[in-house]
Each structure stands twice: as structure tokens, then as C-alpha cells.
Amino acid sequence: MNQETVNRAGEKVLGIIGIIFNILAIALIGFAMASYANVQGTPEFQQFIEDEIMSDPAFSTPEEAQMVIDMMSSSFSVVGWVLIALLVLSTILAIIALINLRKNKKASTAGVLFILAGLFAGILSLTSILFYIAAIMCFVRKPRTQNNQNTRDDDFKYQEDQLRRKEESVRRDDTTTRREDEIRRDDTTTRNDDDTPYRPL
């Protein structure tokens, strides 16, 4: 059963754009983490901590304020690396989905991978929305089988057969009618030709 090939250019474009957005997000997060690490050692940052955080009356001692600052710094680093890992995983899944799109039979698999890539890229981020749209297109735009054409051909052949049978039936009826007419004519002719009266022996 042959299948028509579906042009998956739309899904591929959305997947590529999503991958580009993921790469840009990874680069921005990495740049922010590197910038924060560089800023931490500057005198301006230390002065800012002393003026804004150490002097905050919410902290009873400078040690408590320093502990909060260290916790925030480590949390920022951990969150950054987690986001980068999720975006990298999303990018890998999207690339695998694009590879599966090259085979029309694996469009559903590509759709599942796009959904997973969207979840890892952020449930409602711009990148995830692009991946979700690509996944929906993978599920909805299925290749049409040649069954439709075969059905049309079969229907056409069936109609031809029916028409042929009707014609044959009409021909038979005509032939039968002609034979009956010929028989009647022969009977009539025989009766007309035989003018001799019937004489009993």
C-alpha cells in the first residue's frame, strides 16, 4: 500500500527555529553566569554588598548576611546549570525529531519528541510553543494512502463492469426479442402460405 509523501517543511522550520532559540538561551544563561562570577570579585560588588545587604536591619549579624549572600550565589549557579542542562536535552530531542521527520513513517515519533523537547525548554516559553506546534503538525498531517486512488479506480472498474453487464443484458433481451419476433413471423408466414383446407382422411 503506497503512501504519498508529505512535505514536512513547516515542522522542520519550526524545529530549527526552536533549536536556535534554545542555543541562544543557553548562550545567554552561560554569559550571565560568567558575568556574575566575574562581578563577584570586583570591589564595586563588595561595596554594594556592604552598603545594601550588610546594613539591612533584617540581618542581626554580618555573618548571617554573608551566609545568605553565599547561598544566593550558589543557588544562582545551580539554577543556571540546571537550565542549561534542560535546554541542551531539549535541543538534542528536537534534533532527533528532525532526523525522524526525514522518514514519513516516523512523524508520530517526531511529534512525541517535539512535545518532550517543548517540556524541557520551558512549559510555556516561546521555544516550547514552537515545538508544540510542530508536534501538532506531525500528528495531524498524516500521509494519505493510495487507498483513495485505489478505491476510486475500483469504483470506476465496478461502474464499468456494471455498465458492461447492463449492456450485455440489454443485448440479450434484444436478441431474445428478435428471436421471438422471428418465430412469430415464421408462424404467421406458415399459416398464411398454407391455404389448403384441411381434409380429413
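Above: the structure in question.
Predicted, not measured: the structure shown is a model, and the values here were computed from it.

What counts and what doesn't
- Residues numbered from 1 in each chain as written.
- Predicted model: local features only at pLDDT ≥ 70, side-chain atom pairs only at ≥ 80, totals over all residues.
- Heavy atoms only, no water.
- Helix = DSSP H or I, 4+ residues; strand = E, 2+ residues; numbered from the N terminus.
- Expected span 1.5 Å × (residues − 1).
- Buried < 20%, exposed > 50% of the residue type's maximum accessible area, 1.4 Å probe, protein only.
- Arc of directions from axis to C-beta.
- Salt bridge = Lys/Arg side-chain N within 4 Å of Asp/Glu carboxyl O.
- Patch = residues over 30% accessible without salt bridge, like charges linked within 9 Å, V, L, I, M, F, W, Y side chains within 5 Å.
- Areas by Shrake-Rupley, 256 points an atom, 1.4 Å probe, with all protein chains shown as cover.
- Lys, Arg positive; Asp, Glu negative; His and termini not counted.
- Charge placed at Lys NZ, Arg CZ, Asp CG, Glu CD.
- Core = buried A, V, L, I, M, F, W, Y, C linked by side-chain atoms within 4.5 Å.
- Contact = heavy atoms within 4.5 Å.
- Axes fitted to C-alpha atoms, helices over the stretch in contact; angles between N-to-C directions.
- Parallel < 35°, antiparallel > 145°, perpendicular 65-115°, else oblique.
- Left-handed = near helix turned anticlockwise from the far one by under 90°.
- Nonpolar A, V, L, I, M, F, W, Y, C, P; charged D, E, K, R; others polar.
- Polar contact = N/O pair within 3.5 Å; in protein donor to acceptor, adjacent residues only side chain to side chain.

Participant: Can you help me understand helix α5 (residues 126–140) in this one?
Facilitator: When the terminal C-alpha atoms of α5 are compared, their 21 Å separation across 15 residues agrees well with the 21 Å that a helix rising 1.5 Å per residue should span. For α5, the full list of buried residues reads Thr-127, Ser-128, Leu-130, Phe-131, Ala-134, Ala-135 and Cys-138. The buried residues of α5 all sit within an arc of 160° when viewed along its axis, so they share a single face. Along α5, the residues that are exposed and aim more than 90 degrees away from the buried face are Leu-126, Ile-136 and Val-140.

Participant: Is there a simple way to explain the pattern of salt bridges in this structure?
Facilitator: A side chain of one charge can pair with a side chain of the opposite charge when the charged atoms of the two come close. Counted by the stated rule, this structure contains two salt bridges. Beyond isolated ion pairs, a larger network of salt bridges with shared partners links Arg-8, Glu-11 and Arg-141.

Participant: Teacher, can you tell me more about a positive patch on the surface here?
Facilitator: A contiguous patch of positive charge, built from Lys-12, Arg-102, Lys-103 and Lys-106, is present on the exposed surface. Looking at the element boundaries, Lys-12 is found in helix α1 (residues 9–40).

Participant: Can you help me understand the nonpolar core in this one?
Facilitator: Generally speaking, soluble globular proteins have nonpolar side chains that are buried together. Ranked by size, the top nonpolar core spans 21 residues in total, and within it Ala-94, Leu-101, Phe-114 and Phe-131 carry the most contacts. For this core, the elements supplying multiple residues, two or more each, are α1, α3 (62–101), α4 (107–120) and α5. Considering each element in turn, this core owes the most residues, seven residues, to α3. When sequence neighbours within four positions are dropped, the list of residues in contact with Ala-94 reads Ile-19, Phe-114, Ala-117 and Phe-131.

Participant: Even after reading the chapter, I still don't get a nonpolar patch on the surface, so can you show me in this structure?
Facilitator: On the surface, a cluster of nonpolar side chains totalling about 830 Å² of accessible area is made up of Val-112, Ile-115, Leu-116, Leu-119, Ile-123, Leu-124, Ile-136, Phe-139 and Val-140. Mapped by element, the contributors of at least two residues to the nonpolar patch are α4 and α5. Among the elements that take part in the nonpolar patch, α4 stands out by supplying four residues, more than any other. In this structure, Val-140 sits in helix α5. Under the relative-accessibility criterion, Val-140 is labelled exposed at 61%.

Participant: Mind showing me how you'd approach the packing of α4 against α5 here?
Facilitator: Axes are the key here: two packed helices are described by the angle between their axes and the distance separating the axes. The geometry of α4 relative to α5 is characterised by a closest axis approach of 8 Å and an angle of 165° between their N-to-C directions. One way to sum up the angle between α4 and α5 is to call them roughly antiparallel. Crossing of α4 against α5: the hand is left-handed. From α4, Ala-107, Ser-108, Ala-110, Gly-111, Val-112, Phe-114, Ile-115, Ala-117, Gly-118 and Leu-119 reach across to α5, where they touch Ser-128, Phe-131, Tyr-132, Ala-134, Ala-135, Cys-138 and Phe-139. Across the contact of α4 with α5, the residue classes break down as 13 nonpolar, four polar and no charged.

Participant: When you look at the side chain of Ser-90 in this model, what are you seeing that I'm missing?
Facilitator: Within the fold, Ser-90 resides in helix α3. Engagement of the side chain of Ser-90 in a polar contact is seen with the side chain of Asn-22, the distance being 3.0 Å. Once you skip the residues sitting within four places of it in the chain, Ser-90 turns out to touch Asn-22, Ala-117, Phe-120, Ala-121 and Phe-131.

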